[in-house]
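# Working through the structure, step by step
Okay, here's what each chain looks like letter by letter:
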Amino acid sequence: LLGAWMKFTVKGVVRSVNFIDSVLYVISVYNGQVMLEQINLEEGQLDAEGYITHLDKRIKTLVSGGTNTINLPFLPKVDETIKVYDTKGNEVESSFSEDTVTLASTPSEDTVYYVGIPYTMTYQFSEQLFKARSGESKTPSSASKLMTRNGALFYNDTSSFTVKITPESRATSQASLDAEYDTNNTITLKSGDFRFPVFTNPEGATIVVESDSAFPVNLSSAEFESFVHSRSN
């Protein structure tokens, strides 16, 4: 049974898609190049680090000690952003020209890097709706005024994310769960709950969770606390 919809935005023009087992293969045209890419949708897939480094057109490459260049298997656009991460979850300063990425510092020994194009993950909540009891069921009620006070997100093995609240005709406010690193400068994945203020009428408001990080965001559930004022019984 279908539990939820997810939308994938692919850079370039999609010409064909096809599943083989749990892998979605995409033929696209990107910056004048015909590309065959794959998206593994099988649950529980992890890299050796215990998580996936999320980048578009991602490659895993070994850079030999004493060298500082990486050759990409595709030609990025000049206005694109290319990011490089080590296996500890640290972003490595770099630049690129055509299909060659140059690291700002040269590793002294053979080092594995993940290289690709960053993207933003977005999840938007449905509008919060109060349902009053009607017999054996509950139905939406126009006799009650709903004001959402705050929300809570429950997460597992997560690095960081930002919640953005935009009331109707008002400015956006936001609250963030920040990434953490241990004493070995290795990224730490956390589990727990994150509370954030809302204080708005849910009608016309948008509540969005975003992450432009390359590291996991696993949201298991959410709760909202609201004031309900009944104008009549």
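Notes on the structure follow. (Residues numbered from 1 in each chain as written. Predicted model: local features only at pLDDT ≥ 70, side-chain atom pairs only at ≥ 80, totals over all residues. Heavy atoms only, no water.)

### Structural notes on a nonpolar patch on the surface
Stated precisely, the cut-off is as follows: Here, patches come from residues exposed beyond 30% relative accessible area and free of salt bridges, joined within 9 Å for like charges and within 5 Å for nonpolar side chains (Val, Leu, Ile, Met, Phe, Trp, Tyr). Values of accessible area rely on a 1.4 Å probe in the Shrake-Rupley scheme; residue burial ignores everything except the protein chains shown. In the sections that follow, a salt bridge refers to a side-chain nitrogen of Lys or Arg positioned within 4 Å of a carboxyl oxygen of Asp or Glu. Helix numbers and strand numbers start at the N terminus; a helix is a DSSP run of H or I with at least 4 residues, a strand a run of E with at least 2. Only protein chains enter the accessibility calculation, which uses a 1.4 Å probe; a residue is then buried when its area is under 20% of its type maximum, exposed when over 50%, and partly exposed in between.
Among the surface-exposed residues, M6, F8, F19 and L41 lie close enough to one another that they form a single nonpolar patch of about 460 Å² accessible area. Within the secondary structure, F8 is located in the segment before β1 (13-20). A relative accessible area of 48% means that F8 is categorised as partly exposed.

### A word on the sheet that holds strand β3 (residues 33-40)
Short version of the rule: Strand pairing is defined by DSSP finding a minimum of two bridges between the two strands. Between N-to-C directions, angles cover 0 to 180 degrees, with each direction set by a line fitted to C-alpha atoms, over the stretch in contact for helices.
Here we have three strands laid out as an open sheet, ordered β1-β2-β3, and antiparallel in their pairing. The sheet is open, and its two edges are formed by β1 and β3, each paired on a single side. With strand direction ignored, the average angle separating the axes of adjacent strands in the sheet is 20°. Here β1 pairs with strand β2 (residues 23-30) via seven bridges, running antiparallel. Each bridged residue has a counterpart across the sheet, and for I20 the counterpart in β2 is V23.

### Here we look at the sheet that holds strand β20 (residues 206-211)
Pairing within the open sheet is antiparallel, and its four strands lie in the order β11-β20-β15-β16. Unpaired on one side and paired on the other, β11 (121-124) and β16 (173-177) mark the two borders of the sheet. The mean inter-strand angle of the sheet, taken between neighbouring strand axes irrespective of direction, is 20°. Where β11 lies against β20, four bridges are found, and the strand directions are antiparallel. By the bridge assignment, Y123 is partnered in β20 with V209.

### A closer look at empty space enclosed by the protein
Empty pockets left among the atoms are what a rolling probe the size of a water molecule brings to light. For clarity, the threshold we go by: Think of a 1 Å grid over just the protein atoms. A cavity is a set of points where a 1.4 Å probe fits yet cannot get out, a pocket is an open set with protein on both sides within 12 Å along at least five of seven lines, and lining residues have an atom within 4 Å of a point. Grid points are joined across faces, edges and corners, and a volume is the space filled by probe spheres set on the points. Think of it as three bins: nonpolar holds Ala, Val, Leu, Ile, Met, Phe, Trp, Tyr, Cys and Pro, charged holds Asp, Glu, Lys and Arg, and polar takes everything else, Gly as well.
Summed over the entire model, instances satisfying the criterion amount to one cavity of 30 Å³ or more. Its volume calculated, the largest cavity comes out at about 70 Å³. Taken together, F125, S126, E127, Q128, T148, V198, T200, P202, A205, T206 and I207 form the lining of the largest cavity. Grouping the constituent residues of the lining of the largest cavity by class yields five nonpolar, five polar and one charged.

### Notes on the side chain of T162
Heads up, the condition is: Contacts described as polar in this section are N or O atom pairs within 3.5 Å, which, within protein, must combine one atom able to donate a hydrogen with one able to accept it, while residues neighboring in sequence count only if both atoms come from side chains.
Relative to the elements of secondary structure, T162 occurs in strand β15 (residues 161-166). In this structure T162 comes out as buried when scored by relative accessible area, which is 18%. Side chain to side chain, T162 and S176 meet in a polar contact 3.0 Å long.

### Focus on the environment of L129
You can see L129 is positioned in the loop between β11 and β12 (131-134). Linking L129 and L146, residues 17 residues apart in sequence, is a C-alpha distance of 7.9 Å.

### What to know about the pattern of salt bridges
The final tally for this structure, using the stated rule, is seven salt bridges. With a closest N to O distance of 3.0 Å, E37 and K57 form a salt bridge. On the criterion of sequence distance, the pair formed by E37 in strand β3 and K57 in strand β4 (residues 56-63) is long-range, its members being 20 residues apart. Judged by its relative accessible area of 16%, E37 falls in the buried class. Classification of K57 by relative accessible area gives buried; the value is 11%.

### What to know about the pairing of β3
In terms of strand pairing, β2 meets β3 through eight bridges, oriented antiparallel. Looking across to β3, one finds that I27 is bridged to L36. Between the end of β2 and the start of β3, which pair antiparallel, lie two residues, with N31 showing a positive phi angle near 50°.

### Focus: the packing of aromatic side chains
Each aromatic ring pair is specified by the distance between its two centres and by the angle formed by the two planes. We apply this condition: Two aromatic rings, drawn from Phe, Tyr or Trp (for Trp, its six-membered ring), form a pair once their centres lie within 6.5 Å of each other, and the interplanar angle then sorts them: stacked below 30 degrees, edge-to-face above 60, tilted otherwise. We call a charge positioned above a ring when the Lys NZ or Arg CZ atom is no farther than 6 Å from the ring centre and deviates by at most 35 degrees from the ring normal.
A complete count under the given rule lists nine aromatic pairs for this structure. Both rings, one in Y85 and one in F215, keep their centres 5.2 Å apart while their planes meet at 85°; by these two values the pair is edge-to-face. Taken together, the residues Y85 in strand β6 (residues 83-86) and F215 in the loop between β20 and β21 (219-230) connect sequence positions 130 residues apart. A relative accessible area of 6% means that Y85 is categorised as buried. Overall, the relative accessible area of 5% leaves F215 in the buried class. Consider the rings of Y123 and F125, whose centres lie 5.1 Å apart with planes at 90°: the pair is edge-to-face. What makes F125 buried here is its relative accessible area of 15%. An aromatic cluster is built from Y123, F125, Y155, F161, F194, F196 and F224, whose rings are joined through pairwise contacts. The residue whose ring lies beneath K57 is Y30, and the NZ or CZ to ring-centre distance is 4.5 Å.

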